[in-house]
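Structural description and commentary
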Amino acid sequence: MIAARDLAVPPGSGYTLALYDDGRTVSVHPSIMGQIDKSGAYAVSMTDVDGSVHAYPTFRSLPAPKQVWDLVASGPSSGTTKGTDITLDPNALK
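Before going into details, it helps to say that this report is about the structure given with it.

Scoring rules and cut-offs
Residues numbered from 1 in each chain as written. Predicted model: local features only at pLDDT ≥ 70, side-chain atom pairs only at ≥ 80, totals over all residues. Heavy atoms only, no water. Helix = DSSP H or I, 4+ residues; strand = E, 2+ residues; numbered from the N terminus. Buried < 20%, exposed > 50% of the residue type's maximum accessible area, 1.4 Å probe, protein only. Contact = heavy atoms within 4.5 Å. Areas by Shrake-Rupley, 256 points an atom, 1.4 Å probe, with all protein chains shown as cover. Polar contact = N/O pair within 3.5 Å; in protein donor to acceptor, adjacent residues only side chain to side chain. Arc of directions from axis to C-beta. Pairing = 2+ DSSP bridges. Axes fitted to C-alpha atoms, helices over the stretch in contact; angles between N-to-C directions.

**Some points on the overall build of the chain**
Within the chain, the regular secondary structure consists of two helices and six strands. Across the 94 residues in the chain, those meeting the buried criterion constitute 31%. Counted over contacts in the chain with a minimum sequence separation of 6, partners at least 24 positions apart contribute 35%. With an accessible surface of roughly 6400 Å², the chain has 60% of that area assigned to carbon and sulfur atoms.

**Considering the side chain of D48**
Turning to its location among the elements, D48 is positioned in the loop between β3 (42–47) and β4 (53–59). Contact partners of D48, with chain neighbours within four places excluded, come to R24 and H54.

**What to know about the environment of K38**
Considering the arrangement of structural elements, one finds K38 in the loop between α1 (32–36) and β3. Residue K38 is classed as exposed on the basis of its relative accessible area of 64%. A distance of 3.5 Å separates the side chain of K38 from the backbone oxygen of Q35, its partner in a polar contact.

**A few points about unusual backbone geometry**
Only a minority of non-glycine residues have a phi that is not negative, and only a minority of peptide bonds are not trans. The backbone of Y20 sits at a positive phi, close to 55°, despite the residue not being glycine. Structurally, Y20 can be placed in the loop between β1 (15–19) and β2 (24–30). Exposure remark for Y20: the relative accessible area of 66% places this residue in the exposed category. At K38, a position not held by glycine, the phi torsion is positive, near 60°.

**Points about helix α2 (residues 65–73)**
Those residues of α2 that sit buried are V68, L71 and V72. Angularly, the buried residues of α2 cover 95° about the axis, an arc narrow enough to put them on a single face. Of the exposed residues in α2, the ones pointing more than 90 degrees away from its buried face are K66 and A73. The elements touched by buried residues of α2 are β1, β2, β3 and β4. Immediately beyond the C-terminal end of α2, within one or two residues, lies G75, with a positive phi of roughly 150°.

**A short note on the sheet that holds strand β6 (residues 85–88)**
One open sheet accounts for six strands, arranged β1-β2-β3-β4-β5-β6; its pairing is antiparallel. Edge positions in the sheet fall to β1 and β6, since each of these pairs with one other strand and no more. Put simply, the sheet's adjacent strands are angled 20° from each other on average, direction ignored. Of the pairings in the sheet, the one linking β3 to β4 comprises five bridges and is antiparallel in character. Of the residues in β4, the one forming a bridge with V44 is Y56.

Okay, here's the thing in structure tokens:
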């Protein structure tokens, strides 16, 4: 069993980017699986103005902001949540 203290994220281990000034943000933080398996993977998610959250593929280490910008600008996300609805891109599961 994994204790919550084992998944604690140290300060300064991720960041948030504002996309222009329209309320969208992109968060980069250690992924839960990266903390569990000690791989050091980082998750990327975008929160949209309608409250939906879009998930993107992970990085093996902390990505530079330009890498994150290129990822988000390159196309659709791997999955989206809004309220209790979850939508996954079937191609992302291959």
